[in-house]
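Chain and residue survey
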Amino acid sequence: EIVLTQSPGTLSLSPGERASLSCRASETVSSSYVAWYQQKPGQGPRLLIYRTSTRATDIPDRFSGSGSGTDFTLTIGRLEPEDFAVYYCQQYGMSAITFGGGTKVEIK
Amino acid sequence: EMKLLESGGGLVQPGGSLRLSCAASGFTFRAYAMAWVRQAPGKGLEWVSSISESSGSSKYYADSLKGRITISRDNSASTLFLQMGGLRADDTAMYFCAKGSSPYPRGSHWDVWGQGILVTVSS
């Protein structure tokens, strides 16, 4: 199975700052099938980005995704108070889907 | 509005069985792949199982759970199921169902998620 490693584990930032979250795969992800999800306490995950860089419905344009092969990045342009949460990357190019361990974006 | 509502969780003894249900509304259930994902307390997301659209002819399971779980769907009732057996303490988790973006799990991102249902395995 493809192992996804997210870094950093925790990102401490202030509202208005830019966040850059990394997701590295143990092998090339087929067809750039990488998605990013946001999860807040007590809630199910929310799809932000799919196919590496396509924003999901109603996702603000401060969220952007990039990358290819084994290295992928989620960037949050200017953090809003509601963006402080945990973010997970996922690969879905194989029948065995895998998630990264998550990056917590916390208020500094 | 597309919604998913899980049910059937609770406290079960080690070695016991449980069937989770996920009721879907607001979309044509039979047309999409569906999945189960779990999250142990304080931990990250772990994919459990996926099933293809309509007949559900394609089913996939995480290696760690294979042989102990069965995924199925009832399109007439717009409901997804997860039958779990031989439950262990490390199966304790919140279980989420999710809707795929296409008929088949491979290449399908998950665009609608439920709120989850808690399964606790303990004596």
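For clarity, every value in this text was computed on a predicted model and none was experimentally measured.

Another point: the pattern of salt bridges. Under the criterion given, the structure shown has 9 salt bridges over all chains. Two residues, Arg62 of chain A and Asp83 of chain A, come together in a salt bridge whose shortest N-O distance is 2.8 Å. Here the residue Arg62 of chain A occupies a position in the loop between strand S6 (54-55) and strand S7 (63-68), and Asp83 of chain A occupies one in the loop between strand S8 (71-76) and strand S9 (86-91), the gap between them amounting to 21 residues. With respect to class, Arg62 of chain A is no different from Asp83 of chain A; both count as buried. As a salt-bridge pair, Asp111 of chain B and Lys99 of chain B come within 3.1 Å of each other at their nearest N and O atoms. Here Lys99 of chain B lies in strand S9 (residues 93-100) and Asp111 of chain B lies in strand S10 (residues 110-113), a separation of 12 residues in the sequence. The partly exposed category is assigned to Asp111 of chain B, whose relative accessible area is 30%. Lys99 of chain B gets classed as buried once you look at its relative accessible area, which sits at 3%. Among the ionic contacts, a cluster of salt bridges with common partners joins Arg38, Glu46, Arg68 and Asp91 of chain B.

This part covers the packing of aromatic side chains. Under the counting rule described, the total for this entry stands at 7 aromatic pairs over all chains. Seen in terms of ring centroids, Phe63 of chain A and Tyr87 of chain A are 6.5 Å apart; in terms of plane orientation they differ by 40°. Their pairing is tilted. On the criterion of sequence distance, the pair formed by Phe63 of chain A in strand S7 and Tyr87 of chain A in strand S9 is long-range, its members being 24 residues apart. Judged by relative accessible area, Tyr87 of chain A falls into the buried class, the value being 0%. A centroid spacing of 6.3 Å and a plane angle of 70° characterise the contact between Phe96 of chain B and Trp113 of chain B, whose relative ring orientation is edge-to-face. Linking Phe96 of chain B in strand S9 with Trp113 of chain B in strand S10, this pair joins segments that are 17 residues apart in sequence.

Another point: the nonpolar core. Formed by 70 residues in total, the largest nonpolar core has its most connected members in Tyr87 of chain A together with Leu20, Trp36, Leu80, Leu82, Met84 and Tyr95 of chain B. No other element matches S9 of chain B, which puts 5 residues into this core. If we skip the residues at most four places from it in the chain, Met84 of chain B touches Gly16, Ser17, Leu18, Leu20, Arg68, Ile69, Tyr95 and Val119 of chain B.

Another aspect to go through is the side chain of Gln6 of chain A. All names here are of chain A. Within the secondary structure, Gln6 is located in strand S1 (residues 4-7). Under the relative-accessibility criterion, Gln6 is labelled buried at 9%. Reaching out from Gln6, the side chain makes a polar contact with the backbone oxygen of Tyr87 at a distance of 3.0 Å. A distance of 3.0 Å separates the side chain of Gln6 from the backbone nitrogen of Gly102, its partner in a polar contact. The residues touching Gln6, leaving out its near neighbours within four places in the chain, are Ser22, Cys23, Trp36, Tyr87, Tyr88, Cys89, Gly100, Gly101, Gly102 and Thr103.

Taken together, the contacts link 19 residues of chain A with 20 residues of chain B. Counting each side, the surface lost to burial between chain A and chain B is near 1600 Å², with a carbon and sulfur contribution of 64%. Together, Ser95, Ile97 and Phe99 of chain A form the three largest contributors to the area buried by chain A at its contact with chain B, with a combined 33%. Here chain A and chain B share 0 salt bridges between them. Put simply, chain A and chain B have 4 residue pairs in polar contact (both at pLDDT 80 or more) between them. Ranked by residue count, the leading element in the side of chain A that touches chain B is strand S4 (residues 34-39) of chain A, at 3 residues. Split by residue class, the side of chain A that touches chain B holds 12 nonpolar, 7 polar and no charged.

Moving on, we get to the state of the cysteines. Considering all chains together, one arrives at 2 disulfides over all chains under this definition. One disulfide bridge connects Cys23 of chain A with Cys89 of chain A, the sulfur atoms lying 2.1 Å from each other. Taking the torsion about the sulfur-sulfur bond, which here is approximately 75°, the covalent link between Cys23 of chain A and Cys89 of chain A counts as right-handed. One end of the pair, Cys23 of chain A, is in strand S3 (residues 19-25); the other, Cys89 of chain A, is in strand S9, with 66 residues separating them in the sequence. Under the relative-accessibility criterion, Cys23 of chain A is labelled buried at 1%. For Cys89 of chain A, a relative accessible area of 0% corresponds to the buried category. One disulfide in the model links Cys22 of chain B with Cys97 of chain B; its S-S distance is 1.9 Å. With the S-S dihedral at roughly 50°, the linkage between Cys22 of chain B and Cys97 of chain B falls on the right-handed side. Of the two residues, Cys22 of chain B is situated in strand S3 (residues 18-25) and Cys97 of chain B in strand S9; the sequence distance between them amounts to 75 residues.

Parameters and conventions
- Residues numbered from 1 in each chain as written.
- Chains lettered and ligands numbered in written order.
- Predicted model: local features only at pLDDT ≥ 70, side-chain atom pairs only at ≥ 80, totals over all residues.
- Heavy atoms only, no water.
- Salt bridge = Lys/Arg side-chain N within 4 Å of Asp/Glu carboxyl O.
- Helix = DSSP H or I, 4+ residues; strand = E, 2+ residues; numbered from the N terminus.
- Buried < 20%, exposed > 50% of the residue type's maximum accessible area, 1.4 Å probe, protein only.
- Phe/Tyr/Trp six-rings, centres within 6.5 Å; stacked < 30°, edge-to-face > 60°.
- Core = buried A, V, L, I, M, F, W, Y, C linked by side-chain atoms within 4.5 Å.
- Contact = heavy atoms within 4.5 Å.
- Polar contact = N/O pair within 3.5 Å; in protein donor to acceptor, adjacent residues only side chain to side chain.
- Buried area = accessible area lost by both parts, 1.4 Å probe.
- Nonpolar A, V, L, I, M, F, W, Y, C, P; charged D, E, K, R; others polar.
- Disulfide = S-S within 2.5 Å.

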